[in-house]
Amino acid sequence: METRNLTCICCPVGCQLEVKMEDGKAVSVSGNHCPRGDAYARKEVTDPTRIVTSTVRVSGSVSGVKAVSCKTASDIPKGKIFDVMRDIAGVTVTAPVHIGDVVKANVAETGVDMVATKEVL
Amino acid sequence: MKQYDIVIIGGGPAGLAAAVAAYDAGVTGILILERDKELGGILNQCIHNGFGLHTFKEELTGPEYAQRFADKVRERDIEYKLNTMVLEISRDKVVTAVNREDGLVDIQAKAVILTMGCRERSRGALNIPGFRPAGVYSAGTAQQLVNIEGYLPGREVVILGSGDIGLIMARRMTLEGAKVKAVAELMPYSGGLKRNIVQCLDDFGIPLLLSHTVVDIHGKERVTGVTIAEVDDNLKPIPGTEEFYSCDTLLLSCGLLPENELSRAMGVEINRATNGPVVNESLETSIPGVFAAGNVLHVHDLVDYVSEEAGAAGRAAAEYVRSGGQESGGQEISVNVEGGPRYTVPCTIHPHKVGETLTLRFRVGSVMKDRFVSVYLDDERVTHRKRQVMAPGEMEEVKLTRAMFDKHPDLRHITLRVEEA
């Protein structure tokens, strides 16, 4: 049986997790102090995902703001982080922008939208 | 002279939470003074996620977290002035501020809440030899340039210090196409959160060099590289371990310092361990009616705790105003620390003024494993909690209750003790 040691990233506590693996699947998780750690560990060893946060250009802002922050609305496969960055590199949105507005739909074919995280008037 | 019940110095997360809590406690004559062009403070440039798990039970980015509190302030019609710099606060709570619309103004407050936050330790404070080329930035300045202004400050980067902002910027610069060659940390442990080591360094294969520091900065016009050396147990560079890293940018993430020029100038007593004001259970400084919360009081790791602490300061300031500025009076007891904590906030307690719960926050001076955190009221141990690991980079807290103090009417000693398991 294979064992993998991880640090949970779900919250700032950073629990040290031990995952017991068999045939590439997690059979048990220990070290977590909450259910999110268990779910994170099982996912991390088979299909790791991350939220990506970045900025895109914004035009027409009355306050002269040049960039608006954004994030993937949910986590995307870790291996696609740089595909997401490439896909939003050329994006310019027009003000006004509100929190939750889609700045790039289905970013990098992940099925997840990139949404604004700041209001720009 | 304009008069307000409460004037709040700084409209970052602490100032906003203090304002909302004071308003909800029934005091409405509140003014927030903010030197930036928008509310929210440093949260506006912290575009990464992970904020708000405690406060909102969801994971928000910095700007989203700031917006939640800015909305609360606007819903309550709490007054605020932007682009306004506070120059001086007098002992009798006259706040002198300046901006382009009003010019120089004096404002009389009944109570003042200090929420100015902190700033980064600069190259000058680190004593790194070498020339003074372009390309040396604090991590927070780089964050401002990338996330707000839209500039990438360099292509090949070395980061000194493993504080959270440095780790976050290692990832951010990498995502934007820069090559981050290494993060060097003087101490044998990281100053940042464990989750940030994983998702900002490990995810991108960026090496973390513990017990290493920058001993030379090369380049005359622009940084061309840095020399990194290993340090010994006394944090002195070990000869022969020097290694050259070619880079055009050095980011410094070497700690945060509470920004207390205004507090010092008005005569507030400063705690040497935190560089923030000495405060009692009401988060009231050595000047009655002047309160402090957030990073100006002591540097926090999590904004949720800043908001919580500032809420308590806001309620205490409201109570001070409602009671007509009565001084605390009664017996005041210093909190003793033993076995590892460097300080506690608050550091003195008036037992008769403790509310339903009182949070004692502290940091330890070195990494400690398998310890118990205990609080003693005289000889009675009132809390006893196991902690597997405590590190200087992570703030600890322990909660006390009104009921604990009620059992000790003649209390003389309060001790926070870290004990071997």
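Predicted model, so just to flag it, every value in this text is computed and none were measured. (Residues numbered from 1 in each chain as written. Chains lettered and ligands numbered in written order. Predicted model: local features only at pLDDT ≥ 70, side-chain atom pairs only at ≥ 80, totals over all residues. Heavy atoms only, no water.)

(A) How the structure looks around the overall build of chain B. Along the backbone of chain B there are 9 helices and 27 strands. For chain B, whose C-alpha radius of gyration is 22 Å, the value lies close to the compact-globule estimate of 22 Å for 421 residues. Here chain B holds 421 residues, and the buried ones make up 57% of them. Restricting the contact set of chain B to residue pairs at least 6 apart, pairs at least 24 apart contribute 61%. Per element, the accessible surface of chain B, about 17600 Å² overall, is 47% carbon and sulfur. (Helix = DSSP H or I, 4+ residues; strand = E, 2+ residues; numbered from the N terminus. Rg over C-alpha atoms; globule rule 2.2 N^0.38 Å. Buried < 20%, exposed > 50% of the residue type's maximum accessible area, 1.4 Å probe, protein only. Contact = heavy atoms within 4.5 Å. Areas by Shrake-Rupley, 256 points an atom, 1.4 Å probe, with all protein chains shown as cover.)

(B) Focus on the overall build of chain A. Summing up its helical and strand segments, chain A has 2 helices and 10 strands in all. Tracing chain A from N to C terminus, the helices and strands come up as β-β-β-α-β-β-β-β-α-β-β-β. For chain A, the C-alpha radius of gyration of 18 Å lies well beyond 14 Å, the compact-globule estimate for 121 residues. Structurally, chain A occupies a C-alpha span of about 60 × 30 × 15 Å along its principal axes. Expressed as a percentage of the 121 residues in chain A, the buried residues total 43%. Nonlocal contacts in chain A, meaning residues at least 24 apart in sequence, comprise 45% of its contacts between residues at least 6 apart. If the 15 positive side-chain charges of chain A are averaged to one point and the 14 negative ones to another, these points end up 5 Å apart. (Lys, Arg positive; Asp, Glu negative; His and termini not counted. Charge placed at Lys NZ, Arg CZ, Asp CG, Glu CD.)

(C) Quick peek at the side chain of Asn271(B). Residues and elements named next belong to chain B. Following the sequence through the fold, asparagine 271 ends up in the loop between helix H7 (261–266) and strand E19 (290–292). With relative accessibility at 14%, the residue asparagine 271 sits in the buried group. A distance of 2.8 Å separates the side chain of asparagine 271 from the backbone nitrogen of alanine 273, its partner in a polar contact. If sequence neighbours within four positions are ignored, asparagine 271 has contacts with Gly276, Pro277, Val278 and Cys347. (Polar contact = N/O pair within 3.5 Å; in protein donor to acceptor, adjacent residues only side chain to side chain.)

(D) Examining the sheet that holds strand E10 (residues 114–116) of chain A more closely. Residues and elements named next belong to chain A. Taken together, 5 strands build an open sheet; the order of strands is E8-E5-E6-E10-E9 and the sheet is mixed. Edge positions in the open sheet fall to strand E8 (92–94) and strand E9 (102–104), since each of these has one partner strand only. Taking the axes of each pair of neighbouring strands and ignoring which way they run, one obtains an average angle of 45° across the sheet. Sheet analysis places strand E5 (residues 53–59) next to strand E6 (residues 67–72), joined by 5 bridges and oriented antiparallel. Bridged to threonine 55 within E6 is serine 69. (Pairing = 2+ DSSP bridges. Axes fitted to C-alpha atoms, helices over the stretch in contact; angles between N-to-C directions.)

(E) Local environment of empty space enclosed by the protein. Summed over all chains, the structure comprises 2 cavities of 30 Å³ or more. Computed from the structure, the largest cavity encloses a volume of approximately 60 Å³. Taken together, Thr53(A), Ile47(B), His48(B), Asn147(B), Ile168(B), Met169(B), Arg171(B), Arg172(B) and Leu175(B) make up the lining of the largest cavity. With 5 residues, helix H5 (residues 164–175) of chain B is the largest single contributor of residues to the lining of the largest cavity. Taken as a whole, the second largest cavity holds about 30 Å³ of empty space. As for the second largest cavity, its lining consists of Asn271(B), Thr274(B), Pro277(B), Val278(B), Val279(B), Thr344(B), Val345(B), Pro346(B) and Cys347(B). (1 Å grid on protein atoms, 1.4 Å probe; cavity = no way out; pocket = protein on both sides within 12 Å on 5 of 7 lines; lining within 4 Å. Points joined across faces, edges and corners; volume = space filled by probe spheres on them.)

(F) Highlighting the interface of chain A and chain B. Counting residues at the interface gives 29 residues for chain A, matched by 29 residues for chain B. Note on chain A versus chain B: buried area summed over both sides is about 2400 Å², and carbon and sulfur give 56% of it. For the interface between chain A and chain B, the tally reads 5 salt bridges. Linking chain A to chain B there are 9 residue pairs in polar contact (both at pLDDT 80 or more). Listing elements by their share of the side of chain A that touches chain B, those giving two or more residues are helix H1 (35–46), E5, E6 and helix H2 (81–88) of chain A. A breakdown of the residues in the side of chain A that touches chain B according to their chemical character gives 13 nonpolar, 9 polar and 7 charged. (Buried area = accessible area lost by both parts, 1.4 Å probe. Salt bridge = Lys/Arg side-chain N within 4 Å of Asp/Glu carboxyl O. Nonpolar A, V, L, I, M, F, W, Y, C, P; charged D, E, K, R; others polar.)

(G) Representation of the pattern of salt bridges. Residues and elements named next belong to chain B. Taken as a whole, this structure holds 37 salt bridges over all chains when the rule is applied. Here glutamate 156 and lysine 181 are joined by a salt bridge, their closest N and O atoms 3.4 Å apart. Separated by 25 residues along the polypeptide, glutamate 156 in strand E11 (residues 156–160) and lysine 181 in strand E12 (residues 179–185) bring together distant segments of the chain. On the accessibility criterion, lysine 181 (22% relative accessible area) is partly exposed. Taking the shortest distance from any N to any O, the salt bridge between glutamate 394 and lysine 194 comes out at 3.8 Å. With glutamate 394 in the loop between strand E25 (380–390) and strand E26 (396–401) and lysine 194 in helix H6 (residues 194–201), the pair connects residues that are 200 residues apart, well separated along the chain.

(H) Geometry of the confidence of the model for chain B. On average, residues of chain B score 95 in pLDDT, and 100% of them are at 70 or above. The complex prediction reports pTM at 0.93, with the ipTM value standing at 0.92. (pLDDT = per-residue confidence, 0-100.)

(I) Quick peek at the pairing of strand E21 (residues 341–345) of chain B. Residue and element names in this part refer to chain B. Burial analysis of E21 places 4 of its 5 residues in the buried class, the great majority of the element. Both E21 and strand E23 (residues 357–364) contribute to a ladder of 4 bridges, which runs antiparallel. Residue tyrosine 343 lies in a different strand from E23, and its bridge partner there is arginine 363.

(J) Layout of the domain arrangement of chain A. Partitioning chain A into structural domains gives domain 1 (2–47) and domain 2 (53–116). For domain 1 of chain A and domain 2 of chain A, the distance between their C-alpha centroids amounts to 30 Å. (Domains from an automatic or database assignment.)

(K) View of the packing of H5(B) against H6(B). All names here are of chain B. Put simply, H5 and H6 touch, their axes get as near as 8 Å, and they point 20° apart. What the angle tells us is that H5 and H6 run roughly parallel. In the crossing of H5 with H6, the sense of the turn from one axis to the other is left-handed. In this structure, H5 contributes Asp164, Leu167, Ile168, Ala170 and Arg171 to the contact, and H6 contributes Asn196, Ile197, Gln199, Cys200 and Leu201. (Parallel < 35°, antiparallel > 145°, perpendicular 65-115°, else oblique. Left-handed = near helix turned anticlockwise from the far one by under 90°.)

(L) Region of the structure containing unusual backbone geometry. Cis geometry is found at the peptide bond from Ala95(A) to Pro96(A), where omega equals 0°. When you line up the elements, Pro96(A) lands in the loop between E8 and E9. Going from Val345(B) to Pro346(B), the amide bond is cis rather than trans, its omega being 0°. Within the secondary structure layout, Pro346(B) lies in the loop between E21 and strand E22 (348–349). The backbone phi angle of Asn106(A) is positive, close to 45°, even though this residue is not glycine.

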